[in-house]
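# Notes for the structure review
Residues per chain, in single letters:
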There are 2 protein chains.
Amino acid sequence: MAVTIRDVARDAGVSASTVCRALSSPELVKAETRERVRRSASALGYSPNKAARGLITGRTGNLGLIVPDLANPFFPGVVKGIQARARELDYAVFVADTDEVPTAEAELVQALAKQVDGIVLCSPRMSESALRPLAEQTPTVLLNRRVSRIPSVTFDNLDGMRQAVAHLTALGHRRVAYVGGPRSSWSNRERLRGLRTAAAANRLELVEVGNVLPQFTGGIAAADLVLAADVTAVVAYNDLIALGLLSRFRARDVDVPGHISVIGIDDIAMSAMVHPPLTTVSSPVEQSGRAGVDLLLDLMENPDRTATARRELDTHLTVRGSTGPLHRP
Amino acid sequence: MAVTIRDVARDAGVSASTVCRALSSPELVKAETRERVRRSASALGYSPNKAARGLITGRTGNLGLIVPDLANPFFPGVVKGIQARARELDYAVFVADTDEVPTAEAELVQALAKQVDGIVLCSPRMSESALRPLAEQTPTVLLNRRVSRIPSVTFDNLDGMRQAVAHLTALGHRRVAYVGGPRSSWSNRERLRGLRTAAAANRLELVEVGNVLPQFTGGIAAADLVLAADVTAVVAYNDLIALGLLSRFRARDVDVPGHISVIGIDDIAMSAMVHPPLTTVSSPVEQSGRAGVDLLLDLMENPDRTATARRELDTHLTVRGSTGPLHRP
DNA sequence: CCACATTCCGCAAACGTTTTCATTCTTGAT
DNA sequence: ATCAAGAATGAAAACGTTTGCGGAATGTGG
């Protein structure tokens, strides 16, 4: 039915081997025949059968991507970045969503592993001990998390937190709350760490307010705790939580930023659309996806130099309307 | 390296053919040997090589999904639905994003076609004449659009609009604006049609306000036109546009719903998170994804009965804070 | 005990490509 | 003219599975 390499071979008057070489190792065949083969191939509309190629080379030409929750607006950005870069390099991408269930992750990786040449894992919650065997079995790059001997691309959370604290300090705030995300999340620990050192450096009081789901409802739940903590500003683990805070503050008639300033993290699209628009620590999500693919392909070619493969991307504070100067009571 | 069907055959003391049959056509082999084979298979951790199978069967076990923009919160829902259903049926899903560029759609379909057994095409802007040859070439199911002789799953836009108009009428509104989405979009035409008939039935004046991008910025742009149109309520092509309207209204100090009522369509998560929360026509997005997969598999098995394969899902109005009774000036 | 249908299973071909190995052809040095 | 080295190509094996065909074993009715 479809046109095979033999059809091209016949048309070009050469053997199948030569067609194959002309198309995938051009330097091995004389320029003249190479051209003839190429013309025949495109004339017949030949495109190599992936299954046959995969059978013999053992590679699929596919990449896997695992994210905790596509509905979290943070992830479509990285999906887009990964898609775009993968397409440029002639890879197709399987996307899987774990619905924030950490146990589903390992299962999915297992299932995907056989169908892909490598995996980009956006999986902050799985334990390191579960992670490492998976990474040894299939080339794996971690996003948003660092684990020894596994390549990763992360954001510079520490510097992001430093910028946030500097901003709040400049506005006169002296006592600030942090609404934590999932306790088991690597980036949550990292952000907290960054906040602590920055707070110490600026002689700022840091109040840690529980750990909530990294979602809008988590912010709703935390809002009252924040108000009870008697702070003048609050940093949230991510924008969704920050938006929840904003919503609940409004419901309780707490003025932002008049009475309390709010800072989120991630800079999801939504954050610029609400009122007041959210001040937030922006991360180059799309770029992180692209970087992830590059690291992964690099890893697939040189399976050894894993430890060195690590990229940390810069973050920057985007100041909008949810932060303002401290009004002394 | 990996364990093959022959290893299992040797372990179970049968031929490769029998192993194959025991696993994929159980009724063809005696219960006793079937069990023996199965035990050997799972003991050795055998899993069939997809490439080899694909080479001989001509099928990949993969589905393709094409969406216009993953960043539009409407789509992650359908992606999730499709993923979930596909996984249940042992299919993996390639996801591709066209970035709202209609010409990219055809290209992507072509590229995907060879790697998948079927395609779910979401909200295509592509012309019917471009669509049909693609659908003939690869099993294709349309989401959010109906084209003759191509299976599709759609939402009952007409009834959704009827409900919206009934709601506004009950609140006393007599003159309503519609902010249209892309002119080439099937659902935009459908919604407009539903609105027109419902408006006529309720003796309501309908003012059509341009066509904008189905995004937040589109709503921003349309807001001033809406105000100039001297209406007391507005229906937007989708929630993102409605949120843009809300944002611009606030900026111009126009009270919602006091001065004007706003209705969106889709019920994306964000719509419940803003202030005032958005009244909107909810669609069962996740269910639409699942239905799409079911239709697609059905189509793959019976490539003929395309015309009958068509599902229309119910919508319902979710009333929140952005609509209210008409205050006579 | 035979004829025959039925069930179960093994053999071998086939899928379309890549790759090893051998062969032929070209080239340049002796 | 001869030979070696290297370039260019073809033949054939290999990848792991599915499946048509036929043979063996088993069961059934006469």
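Per an unreviewed UniProt entry, chain A is named LacI family transcriptional regulator, and its organism is Virgisporangium aliadipatigenens.

Let us look at the overall build of chain A. The secondary structure content of chain A amounts to 12 helices and 12 strands. Here chain A has a C-alpha radius of gyration of 25 Å; the compact-globule value for 329 residues is 20 Å, and the former is much larger. Within chain A, the fraction of its 329 residues that count as buried is 53%. Within chain A, contacts between residues at least 6 apart in sequence are counted, and of these 71% link residues at least 24 apart. For chain A, the accessible area works out to roughly 14,300 Å², and carbon and sulfur atoms hold 52% of it. For chain A, the distance from the average site of its 38 positive side-chain charges to the average site of its 35 negative ones is 3 Å.

Moving on to the relation of the copies chain A and chain B. Note on the identical chains: chain A maps onto chain B by a rotation of 180° and an axial translation of 0.0 Å, with an RMSD of 0.3 Å. Taken together, these values place the two copies in the relation of a two-fold axis. Taken together, the interface assignments show that 100% of the residues at the interface of chain A recur at the interface of chain B, consistent with an identical surface on both copies.

A separate point is the protein's contact with DNA strand C. Around DNA strand C, a shell composed of 23 residues is seen, among which I5(A), C20(A), R53(A), S17(B) and T18(B) lie nearest. One of the side-chain nitrogen or oxygen atoms of R6(A) is found 3.4 Å away from a base oxygen of DNA strand C. The contact in question runs from a phosphate oxygen of DNA strand C to an N or O atom on the backbone of N49(A), over 3.3 Å. Those elements giving two or more residues to the surface near DNA strand C turn out to be α1 (5–12), α2 (16–24) and α4 (50–57) of chain A together with α2 (16–24) and α4 (50–57) of chain B. Class assignment of the residues belonging to the surface near DNA strand C gives a composition of 10 nonpolar, eight polar and five charged.

The subject of this paragraph is the interface of chain A and chain B. At the interface, 33 residues of chain A touch 33 residues of chain B. Where chain A packs against chain B, one counts six salt bridges. Residues K80(B) and D69(A) are paired through a salt bridge, measuring 2.8 Å at the closest nitrogen-oxygen approach. Run the count over chain A and chain B and you get eight residue pairs in polar contact (both at pLDDT 80 or more). Elements that contribute at least two residues to the side of chain A that touches chain B include exactly α4, α5 (74–88), β2 (92–97) and α11 (239–251) of chain A. Take the side of chain A that touches chain B: its biggest share by element is six residues, from β2(A). Here the side of chain A that touches chain B is built from residues that sort into 17 nonpolar, eight polar and eight charged.

Take the layout of surface pockets next. Reported here for the second largest pocket is a volume of approximately 1,000 Å³. At the level of elements, α5, α10 (216–228) and α12 (285–301) of chain A together with α5 (74–88), α10 (216–228) and α12 (285–301) of chain B are the ones that each hand at least two residues to the lining of the second largest pocket.

Here the focus is the pairing of strand β7 (residues 205–211) of chain B. Here six bridges tie strand β6 (residues 175–180) of chain B to β7(B), and the two strands are oriented parallel to one another. Counterpart to A177(B) in the pairing with β7(B) is V207(B).

Inspection of every chain in the model, using the stated rule, returns 39 salt bridges over all chains. Notably, a salt bridge pairs E312(A) with R146(A), separated by 3.1 Å at the nearest N-O pair. Highlighted residues: E312(A) in strand β11 (residues 310–313) and R146(A) in the loop between β4 (140–143) and β5 (152–155), separated in sequence by 166 residues. Overall, the relative accessible area of 41% leaves E312(A) in the partly exposed class. Taking the relative accessible area as the measure of exposure, R146(A) reaches 24% and is therefore partly exposed. Note that R85(B) and D294(B) form a salt bridge whose closest N and O atoms lie 2.7 Å from each other. Of this pair, R85(B) sits in helix α5 while D294(B) sits in helix α12, and the two are 209 residues apart along the sequence. Judged by its relative accessible area of 19%, R85(B) is buried.

Another aspect to go through is unusual backbone geometry. In this structure, the amide linkage connecting V256(B) to the following residue, P257(B), adopts the cis form with an omega of 10°. With respect to the secondary-structure elements, P257(B) resides in the loop between α11 (239–251) and β9 (261–266). The step from H275(B) to P276(B) runs through a cis peptide bond, and the omega angle for that step is -5°. Along the polypeptide, P276(B) turns up in the loop between β9 and β10 (279–282). Phi is positive for R203(A), which is not a glycine, with a value near 50°.

Close to DNA strand D lie 24 residues, the nearest being T18(A), R21(A), I5(B), C20(B) and R53(B). In DNA strand D, the atoms that sit within 4 Å of the protein are 52% sugar and phosphate, with bases accounting for the remainder. T33(A) places a polar side-chain atom, nitrogen or oxygen, 3.1 Å from a phosphate oxygen of DNA strand D. Note that a phosphate oxygen of DNA strand D is positioned 3.3 Å from one of the backbone N or O atoms of N49(B). Elements supplying a minimum of two residues to the surface near DNA strand D: α2 and α4 of chain A together with α1 (5–12), α2 and α4 of chain B. Here the surface near DNA strand D takes four residues from α4(B), the largest share from any one element.

Cut-offs and rules
Residues numbered from 1 in each chain as written. Chains lettered and ligands numbered in written order. Predicted model: local features only at pLDDT ≥ 70, side-chain atom pairs only at ≥ 80, totals over all residues. Heavy atoms only, no water. Helix = DSSP H or I, 4+ residues; strand = E, 2+ residues; numbered from the N terminus. Rg over C-alpha atoms; globule rule 2.2 N^0.38 Å. Buried < 20%, exposed > 50% of the residue type's maximum accessible area, 1.4 Å probe, protein only. Contact = heavy atoms within 4.5 Å. Areas by Shrake-Rupley, 256 points an atom, 1.4 Å probe, with all protein chains shown as cover. Lys, Arg positive; Asp, Glu negative; His and termini not counted. Charge placed at Lys NZ, Arg CZ, Asp CG, Glu CD. Least-squares fit on C-alpha atoms with pLDDT ≥ 70 in both. Near = heavy atom within 4 Å. Polar contact = N/O pair within 3.5 Å; in protein donor to acceptor, adjacent residues only side chain to side chain. Nonpolar A, V, L, I, M, F, W, Y, C, P; charged D, E, K, R; others polar. Salt bridge = Lys/Arg side-chain N within 4 Å of Asp/Glu carboxyl O. 1 Å grid on protein atoms, 1.4 Å probe; cavity = no way out; pocket = protein on both sides within 12 Å on 5 of 7 lines; lining within 4 Å. Points joined across faces, edges and corners; volume = space filled by probe spheres on them. Pairing = 2+ DSSP bridges.

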